[in-house]
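# Summary of structural features
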Amino acid sequence: MTGLNEVMEKPPRLLSSQLFHKQGLVEVVLNRSVLAWKETETSGKRGINNISEAGGHAVQVCEIVAVRETEDVQTNTEGKRRNAQQQLYPCAFTVSFVRRTGQHRWRCSDITFRCTNQGLCQQWIQTINEQLSLLSSRPKSLLVYINPYGGRRLGKRIYEQKVAPLFRRASISADVIVTERANHARDHLKAEANLGKYDGVVCVGGDGMFSEILHGLVTRIQNDHGVDQNQPEADLVRCSLRIGIIPAGDSQPMDVCSVHHNNTFLRYSVSMLGYGFYGDVLTDSERKRWMGPARYDLSGVKTFLSHNYYEGTVSFLPAEDHKGNPRDKLQCRTGCRVCQHKHQSEEKPCEMPVKENSDIDSGAAWPVIRGKFIAVNAASMSCACPRSPKGLSPSAHLADGTADLILIRKCSRLDFFRHLLRHTNKDDQFDHAFVEVHRVRGFRFQPKRREAVFSVEDPSETGKRKTFGPFCSGPPACDYTSAHSSWNCDGEILSHAAIQVSVQCQLIRLFARGIEEQQCVSEEPYTL
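What comes next is a walk through the structure. (Residues numbered from 1 in each chain as written. Predicted model: local features only at pLDDT ≥ 70, side-chain atom pairs only at ≥ 80, totals over all residues. Heavy atoms only, no water.)

### What about helix α5 (residues 155-169)?
Formally: In this description a helix means any DSSP run of H or I spanning at least four residues, a strand means any run of E spanning at least two, and both kinds are numbered starting from the N terminus. Here the expected length of a helix is defined as 1.5 Å per residue gap, with one fewer gap than residues. What the bend at a residue measures is the angle between two axes, fitted to the seven residues ending there and to the seven starting there. Residue exposure (1.4 Å probe, protein chains only): buried if accessible area is under 20% of the type maximum, exposed if over 50%, otherwise partly exposed.
Taking 1.5 Å per residue, 15 residues should reach 21 Å; α5 reaches 20 Å between its end C-alpha atoms and fits that length. The largest bend in α5 amounts to roughly 40 degrees and is located at Val 163, with the proline Pro 165 lying one to four residues further along. The complete set of buried residues in α5 reads Gly 155, Tyr 159, Val 163, Ala 164 and Phe 167. Once α5 ends, the next one or two residues include Ser 171, with phi positive near 60 degrees.

### Brief notes about empty space enclosed by the protein
Any empty space left between the atoms is revealed when a probe the size of a water molecule rolls over them. Operational definition: Using a 1 Å grid laid over the protein atoms alone, points where a 1.4 Å probe fits but cannot get out form a cavity; open sets with protein on both sides within 12 Å along at least 5 of 7 lines form a pocket; any residue with an atom within 4 Å of a point counts as lining. Grid points are joined across faces, edges and corners, and a volume is the space filled by probe spheres set on the points. Three classes are used: nonpolar for Ala, Val, Leu, Ile, Met, Phe, Trp, Tyr, Cys and Pro, charged for Asp, Glu, Lys and Arg, and polar for all others, with Gly counted as polar.
Taken as a whole, this structure holds 4 cavities of 30 Å³ or more when the rule is applied. When its volume is computed, the second largest cavity comes out at roughly 50 Å³. Taken together, Gly 276, Phe 277, Asp 280, Thr 303, Phe 304, His 307, Asn 308, Tyr 310, Ile 374 and Phe 416 form the lining of the second largest cavity. Of all the elements in the fold, those that place two or more residues in the lining of the second largest cavity are α8 (277-286) and α9 (294-306). Of the residues that constitute the lining of the second largest cavity, the class distribution is 5 nonpolar, 4 polar and 1 charged.

### Describing the pattern of salt bridges
Applicable threshold: Criterion for a salt bridge: a side-chain nitrogen of Lys or Arg within 4 Å of a carboxyl oxygen of Asp or Glu.
According to the stated counting rule, one finds 19 salt bridges in the structure shown. With a shortest N-O distance of 3.3 Å, Arg 287 and Asp 284 are connected by a salt bridge. By relative accessible area, which is 38% here, Arg 287 ends up partly exposed. Shared partners join several salt bridges into a network, and the residues in it are Asp 284, Arg 287, Lys 288 and Lys 302.

### Describing the nonpolar core
Threshold: The definition of a nonpolar core used throughout is a set of buried Ala, Val, Leu, Ile, Met, Phe, Trp, Tyr and Cys residues joined through side-chain atoms within 4.5 Å. The criterion used for residue contact is that any of the two residues' heavy atoms lie within 4.5 Å.
Membership of the largest hydrophobic core comes to 38 residues, with the highest contact counts inside it found for Tyr 145, Leu 189, Ile 213, Leu 217 and Ile 508. Put simply, the parts of the chain that give this core at least two residues each are β9 (141-146), α6 (184-191), β11 (200-204), α7 (207-224), β13 (251-261), β14 (264-269), α10 (337-340) and β23 (499-511). For this core, the element with the most residues is α7, which contributes 7 residues. Among residues more than four places away in sequence, those in contact with Ile 213 are Tyr 145, Leu 189, Val 201, Val 202, Cys 203 and Ile 243. Residues Trp 37, Ile 64, Ile 111 and Phe 113 belong to the second largest nonpolar core, which totals 25 residues.

Written out as structure tokens, the structure is:
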């Protein structure tokens, strides 16, 4: 029980008492970071179902939701033993806290301690509340947007039954807006919301609602500071308000990519931009929305069999040396040292090595790559998902001011299948002659031929492509470059193929702790 003893003995102790819990005495200790307790008498029960060690338990102060005085509620089944407890320990307080119940899952739990007198009980309540008030990362006022059609049309019920009671218990006030139309949240944030009243903006909904809040909040901040978003080189102002999707914890900064066509702002991206394969999958799936989520599987197979490639030019601004590289196997996790490194945009771009047999012009400040590509992807995060546990770029970072630019050159269908297959296992998906990856602070893409502007409302107008090319192991003889692909921007289709992308370092902050390890470490939760 060394870990618990170290925590309980760690100075300075703010408060220490012998209190009664369930059927025995426990020693309870509070310091600035942990509330810990251990049994001093043999008890017939183990106590609360928390991570424990030989009768000892600990909860970090930042995971305490609230503390309150407890009223006695006696039942007939508790009998004389409970009456004796009430006589010896007549006063009680209850601590509500969050605890892990599984991988990335948390639940709210309560523990009640009984005291010998009212003064001691109030002292514990006051001291714990004082420590909670020192948590600068904990919000006090939130603006909440609810998509009533999100979560299988259960968004409003989920908030009212699950979220609102937790906010009330934690003394967090919330102004709630139930959206009535598409982009309601975005437009309200851009023009009407009094942002000075709030510590954060929270959405109850899916990716679409998050995108609305992202675009509304970032646009509002730029407008308030007189920043023209249509200028690709504009230095965007960071958002002080945090964004949440009903999580809890600390503040996690996050990069945002701004996407422009010429001098016109198109959209912000926080996860992935994909041209070619992923753009074609999204464009085709939009025509099959009636199928539900299954449309992505069908469109994926169809796009793979079509095996289109697109000719164009990519230029990019390389990241600094200290940002690492996409193949260094250094994954972004809570407390990531790469993301904590101070972003220095004034540093000169580093020299990028010229890849053998690569059509690349390294003489310019922005190296230029020309070729025929099956896919051009940019990942601002790993983009891990159940089907791709490592993600599109396993070593991409959330808040280092860079994106990983992945270029999949024209290759055989079989080779491309091998590349896709490596996303599902532990093999290096970049270890192919036709794949190259660069860590960048920005990039430009220009299709070879003049692009035809299409309407995002009608994806079928993106051009007519020949599909289902020859099933051969070698490169296809057919030229599929007569039409352009579309850019997939976080699940939305961009209206232009020629774009310029700039990574805005830590432009927004989330209510989050960062990416945690896949397996929860549960042996010593109280190790600081």
